[in-house]
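Chain residues, written in single-letter form:
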Amino acid sequence: MKHLLLNYMARLTSLSEAEQHAILDEIRVEEYRKGTVLLRQGEIPGKCYFVLKGCVRQHAVDETGREMTSNFYTEEQAIAIFNVHKPDKSSDYTLTCLEDCVLVIGPLDTEKEMYAKYTQLESMTRRMIEESFGQVQEEFAAFIASSPEERYKTLLLRRPGLIDRVPQHQLASYLGMTPESLSRIKKRLHRERAETEL
């Protein structure tokens, strides 16, 4: 699994092979069972994560008690915690493993030490976050401007694997629609596809 991290270091840094392996020796990789809660809404996060295997759901409960899914993190995606702007540093989200997961753990309290020791590691992390953030911005802009059916079609194009990995009610929440609406859209698109194949 750690070969994925080696690929990132080779692509985003000029660290020597010895330095890359030294970093890998210091990095913690943990396995988590399906259903494990990594972080609860309201808690102060102490770790960030990088998904080597599995799917992690980001969700929150609003003031009315309604649960909303805001993201799914899958292979080769970083789960960064952006809460430094909050006075109490608490998380707005809960992170739950939807599948058995293998994750790289980045303790936030030792992050600065690692960056001081391996300066290129900080720039690599920043570039990974910038890439991820750019993608999130694009997806959010497209989400706002599109209809529920267009959102589903975009998901089919960009992240088709999620359809079979995620429960329909969570997928519907992520797409900003009811499970019933998602079911109707899926049936209509399936019917249209079948008609064009005749």
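Preceding this section is the structure that the text describes.
Residues numbered from 1 in each chain as written. Predicted model: local features only at pLDDT ≥ 70, side-chain atom pairs only at ≥ 80, totals over all residues. Heavy atoms only, no water.

A.B. asks: An account of the overall build of the chain is requested, with residue identities and associated values reported.
C.D. replies: In terms of regular secondary structure, the chain is built from eight helices and eight strands. Evaluated residue by residue, the chain yields a buried proportion of 38% over its 198 residues. Accessible area of the chain: about 11,900 Å², with a carbon and sulfur share of 53%. The averaged location of the 31 negative side-chain charges in the chain is 4 Å from the averaged location of its 27 positive side-chain charges. (Helix = DSSP H or I, 4+ residues; strand = E, 2+ residues; numbered from the N terminus. Buried < 20%, exposed > 50% of the residue type's maximum accessible area, 1.4 Å probe, protein only. Areas by Shrake-Rupley, 256 points an atom, 1.4 Å probe, with all protein chains shown as cover. Lys, Arg positive; Asp, Glu negative; His and termini not counted. Charge placed at Lys NZ, Arg CZ, Asp CG, Glu CD.)

A.B. asks: Any chance you could break down the sheet that holds strand β2 (residues 37–39) for me, citing the residues and the numbers?
C.D. replies: Taken in spatial order, the four strands make up an open sheet running β2-β7-β4-β5, and their pairing is antiparallel. Every interior strand has two partners, whereas the edge strands, β2 and β5 (67–73), have only one. Across this sheet, the average inter-strand angle for adjacent strands is 30°, counted without regard to direction. Docked against the sheet, helix α7 (residues 168–175) engages β4 (56–61) and β5, running at close to 95° with respect to β5. (Pairing = 2+ DSSP bridges. Axes fitted to C-alpha atoms, helices over the stretch in contact; angles between N-to-C directions. Contact = heavy atoms within 4.5 Å.)

A.B. asks: Which residues make up the nonpolar core, and what values do they have?
C.D. replies: Among the nonpolar cores identified, the biggest contains 20 residues, and Leu5, Met9, Ile23, Phe50, Leu52, Leu121 and Met124 are the most heavily contacted of them. Examining the composition of this core, we find that six residues originate from one element, helix α1 (residues 3–12), more than from any other. Cys55, Phe72, Leu155 and Leu189 belong to the second-largest nonpolar core, a separate cluster that totals 16 residues. (Core = buried A, V, L, I, M, F, W, Y, C linked by side-chain atoms within 4.5 Å.)

A.B. asks: Outline the layout of surface pockets, supporting the account with residue identities and numerical values.
C.D. replies: In this structure, the largest pocket occupies an estimated 1,300 Å³ of space. Those elements that place two or more of their residues in the lining of the largest pocket are β4, β5, β6 (78–79), α4 (119–145), α5 (148–158) and α7. In terms of residue count, α4 provides more of the lining of the largest pocket than any other element does, twelve residues in total. Tallied by class, the residues present in the lining of the largest pocket amount to 24 nonpolar, 15 polar and eight charged. If you list the elements that add at least two residues to the lining of the second largest pocket, you get α1, α2 (17–26), β3 (47–53), β6, β8 (101–107), α3 (111–117) and α4. A per-class count over the lining of the second largest pocket returns 25 nonpolar, four polar and eight charged. (1 Å grid on protein atoms, 1.4 Å probe; cavity = no way out; pocket = protein on both sides within 12 Å on 5 of 7 lines; lining within 4 Å. Points joined across faces, edges and corners; volume = space filled by probe spheres on them. Nonpolar A, V, L, I, M, F, W, Y, C, P; charged D, E, K, R; others polar.)

A.B. asks: Outline the packing of α1 against α2, listing residues and values.
C.D. replies: Packing of α1 against α2 leaves a shortest axis separation of 10 Å and a crossing angle of 140°. In terms of their interaxial angle, α1 and α2 are classed as oblique. Regarding α1 and α2, the two cross each other, and that crossing is right-handed. Here Leu5, Leu6, Met9 and Ala10 of α1 lie close against α2, whose contacting residues are Gln20, His21, Ile23 and Leu24. Of the residues contributing to the contact of α1 with α2, the split by class is six nonpolar, two polar and no charged. (Parallel < 35°, antiparallel > 145°, perpendicular 65-115°, else oblique. Left-handed = near helix turned anticlockwise from the far one by under 90°.)

This is a description of form; function is not addressed.
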